[in-house]
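# Structural overview for review
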Amino acid sequence: MKTLLTKVSALIFVLMLVATVAHALDNDEARIRKELPRLLGSSNQGTEFFMTFHPCWEEAGFTDGCKIYITSAVATRVTVEIPGREVFIQRTTLPNDIIEVNLDPGIAQCYRKTDREPPLAQRVFKGFGIIVTSEEPIVCYGMTRYRYTSDGYLAIPKSGLGKKYIVSSYNDPCVDNGNQYLTSYTSIVGVYNKTDVKIKLGGRFSNYTPGARPLKTGDSDDNRIDRGDVWLIGTMGDYSDLTGTTVEANKQVAVISGSFCAYIPIQVSACDFISEQDLPMESWGYKYHVTRIVKRLNASVIRVLASEANTVIYRDGNEWSLVKGVGGKEGTGYIERRGVSKGEDLRPVTISAKNRIAVTQYNCGMNDDGVDSDPFQLALTPIEQYQTGFVWCTPGVNGGSSFRFNYLNLCYKSTEDGQIPDDIEFGKVSNGVINWRKLSTVAGNPGQEFIDETVTDLRKYRSLTITLEDPAGVYSVRGAEGMAGYGYGFDWCDSYGYPVSVALADLSKPDIWAPLPTYAINCNGQVIGRVIEQPENNEELRSNMADLRLVKGESYNFTDLAFDEASFEPGVSYIMDWSLNVIDIESDAKAVLAFMDRAGNDTTITIEYQRTKFSIKNRIENWGLKAYNDPTEFREFKLINESQKPVVVDSILLLSTEKGRNWAYNGFKLDKSIYKENGGILPGYTMQPGEELSFKVGF
């Protein structure tokens, strides 16, 4: 006597799980894409940053420090490492709040010096870079906070870094007489091992680097750096300056530039430390808005770099100047001018060109107009990179070091009658919750209009200054259209300034195609996928992948996305294999995956895994005693879909009731007439909720 045991039908049930995986509806994916923050590739939010701090003028007897401010929308673990210093710090962020990581200057800086000491010879400091990693996306700032001199920069995540840069620094205000050295600096931080970097020294014609093997303006040098290495370069010479120095690498690097203590404009006191992270050339745009710094009586100094030689620069739509070279010496590799000349009415200005350019804004020293303020440096955002929302923090924590006066300069597009659109909202975080208000109720006025003779649109861009009441706060702005923001602040003989967000889409490629992900899933809930950046066969058009990520806030019961991170290089990799798994196959699961290229195009997909609910009629059947040569007897069984959704059935299989023995299924066999090749309906048959599917098993 043989019996078809319960185990056979149970195995049929398990194998039906392959049919329960489905895409979410298109409108659900559209909702997720609309609500999904731009955490990937083209923004300053990320999970891996490479940073450094330059030497700064120290005052004896005071506690000075280098600080990293970190904010995130969620609680996530953050690791700060300096491999060459054996520094390893772990902290956990507070949702919508700031955490501060304090680093002693003797650890954070490659070396320390006084204003009376010349800079060290340019060289690679092995492992002295600061590597910040997190499990969830964060916003990260570097702040040098000294008693009388400070500045900070908004860190760029690895996904937004590039391989080509032109340095924006500022002059050492001293002549090379051996009395004082207020050095112009740039640092190149390695992201990958075996990165070959080449520089060509630009800037002041008298530049040279100290040491046994000095470089002069126009000279080139190269080095191989590894992950976490810092190639730190400081210059000497009369009024030396590294602005215009070109950096090219075979892999992505981070470049941070600034000055030990800059007089801006040169010879106008008082000096202050300045620092900024240079933007990769592929992220440069065509049009920039230069805002007014609050209370200043004279316009800021700006410097303009160009991606192509002989680039004509326009101010407010009118021809204004010419950049003759792509980096290089002062006077040819960049221009320096006031946004508005003394004697003109103060106003925000529009700087544009027909080729891609970079614009850096410099706040001037106190003696420029007698206003209590000090120099800082801002890398401006092109209008092509404006974002619909951003989150930022002032450089301080509750009860700790902060600036007394903090401001936001916001560039936004007004209504036709020159007012703030109702959709723009300003948010202040309180107890981890963002409290949103219409910006018009916060600002009180719409700010000043940007003039642009090339634009006929009745809706104009405006510059609005908002006073930030909390000196240690987290803020946010959101709206329906693109905006840019610059945070800055003052204290006595001190200041800081940095962009509150930066978009980093590759504008050098005409890429309008989003990455194309494909995948398959097996009966154990394992997803095997591949993403290919489009157009696959045209490297002149595609910008290549920036990032791929599981959106954890929208996902559950799936492992994190796995791919070969060691071989993935943003902006270079265009095909990536990836995978993830259902954690508990007896429970429902959902995975929202986002794929983004360097041009800012993104594809969001949703994979839903639903635990199927089947029952089988006649689960136990007894065929009685049969001889081996008796004819096969078939009996009918019914599979019932007890799930609430349709289920696509591809196959029904019988497995041996004895572990490890598959031969002849212990005498049972499936009637193959249920398959299409024999006139049946499988594979690909959709069972509706409650529907019964008949099949036969013989013995």
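Just above, that's the structure.
This structure is a prediction, so every number in the text was calculated from the model and none was measured.

### Examining empty space enclosed by the protein
Under the counting rule described, the total for this entry stands at 8 cavities of 30 Å³ or more. Within this model, the largest cavity holds a volume of roughly 130 Å³. Looking at the largest cavity, it is lined by 15 residues, and the ones nearest its centre are S168, L279, A358, T360 and A379. If you list the elements that add at least two residues to the lining of the largest cavity, you get β17 (272-277), β23 (349-363) and β24 (376-379). Of all the elements, β23 adds the most residues to the lining of the largest cavity, at 3 residues. Residue composition of the lining of the largest cavity, grouped by class: 9 nonpolar, 4 polar and 2 charged. For the second largest cavity, the lining is made up of 15 residues, of which T291, R292, A299, S300 and R347 are closest to its centre.

### Details of the state of the cysteines
Evaluated as defined, the whole model comprises 1 disulfide. One disulfide in the model links C261 with C271; its S-S distance is 2.0 Å. In this structure the cystine formed by C261 and C271 twists about its S-S bond by roughly 85°; its chirality is therefore right-handed. You can see C261 sitting in strand β16 (residues 246-262) and its partner C271 sitting in the loop between β16 and β17, a full 10 residues away along the chain. Judged by its relative accessible area of 12%, C271 is buried. Among the cysteines around C364, which has no disulfide bond, C271 carries the closest sulfur, lying 14 Å off. You can call C364 buried: its relative accessible area is 3%.

### Some details on the packing of aromatic side chains
In this description, an aromatic ring pair is defined by two values, namely the gap between the centres and the angle between the planes. This structure, assessed with the given rule, holds 26 aromatic pairs. For the ring pair W57 and F260, a centre distance of 6.4 Å and an interplane angle of 20° mean the geometry is stacked. Linking W57 in the loop between β3 (46-51) and β4 (65-72) with F260 in strand β16, this pair joins segments that are 203 residues apart in sequence. Classification of W57 by relative accessible area gives partly exposed; the value is 23%. Exposure remark for F260: the relative accessible area of 0% places this residue in the buried category. Both rings, one in Y386 and one in Y461, keep their centres 6.0 Å apart while their planes meet at 85°; by these two values the pair is edge-to-face. Residue Y386 is located in the loop between β24 and β25 (387-393), and its partner Y461 is located in strand β30 (residues 461-468); the two are separated by 75 residues in the primary sequence. Both residues of the pair, Y386 and Y461, count as buried.

### Comments concerning the environment of D470
Counting through the fold element by element, D470 comes out in the loop between β30 and β31 (474-491). Distance from D470 to P683, taken between C-alpha atoms, is 63 Å for residues 213 residues apart in sequence.

### Section: unusual backbone geometry
Residue I264 is joined to P265 through a cis peptide bond whose omega torsion reads -10°. Within the fold, P265 resides in the loop between β16 and β17. Here the amide bond leading from L682 into P683 is cis, since omega sits at 0°, within 30 degrees of zero. Assignment of secondary structure puts P683 in the loop between β44 (669-670) and β45 (685-687). Despite not being glycine, D316 has its phi angle at roughly 55°, a positive value. Structurally, D316 can be placed in the loop between β20 (311-315) and β21 (318-323).

Analysis parameters
Residues numbered from 1 in each chain as written. Predicted model: local features only at pLDDT ≥ 70, side-chain atom pairs only at ≥ 80, totals over all residues. Heavy atoms only, no water. 1 Å grid on protein atoms, 1.4 Å probe; cavity = no way out; pocket = protein on both sides within 12 Å on 5 of 7 lines; lining within 4 Å. Points joined across faces, edges and corners; volume = space filled by probe spheres on them. Helix = DSSP H or I, 4+ residues; strand = E, 2+ residues; numbered from the N terminus. Nonpolar A, V, L, I, M, F, W, Y, C, P; charged D, E, K, R; others polar. Disulfide = S-S within 2.5 Å. Buried < 20%, exposed > 50% of the residue type's maximum accessible area, 1.4 Å probe, protein only. Phe/Tyr/Trp six-rings, centres within 6.5 Å; stacked < 30°, edge-to-face > 60°.

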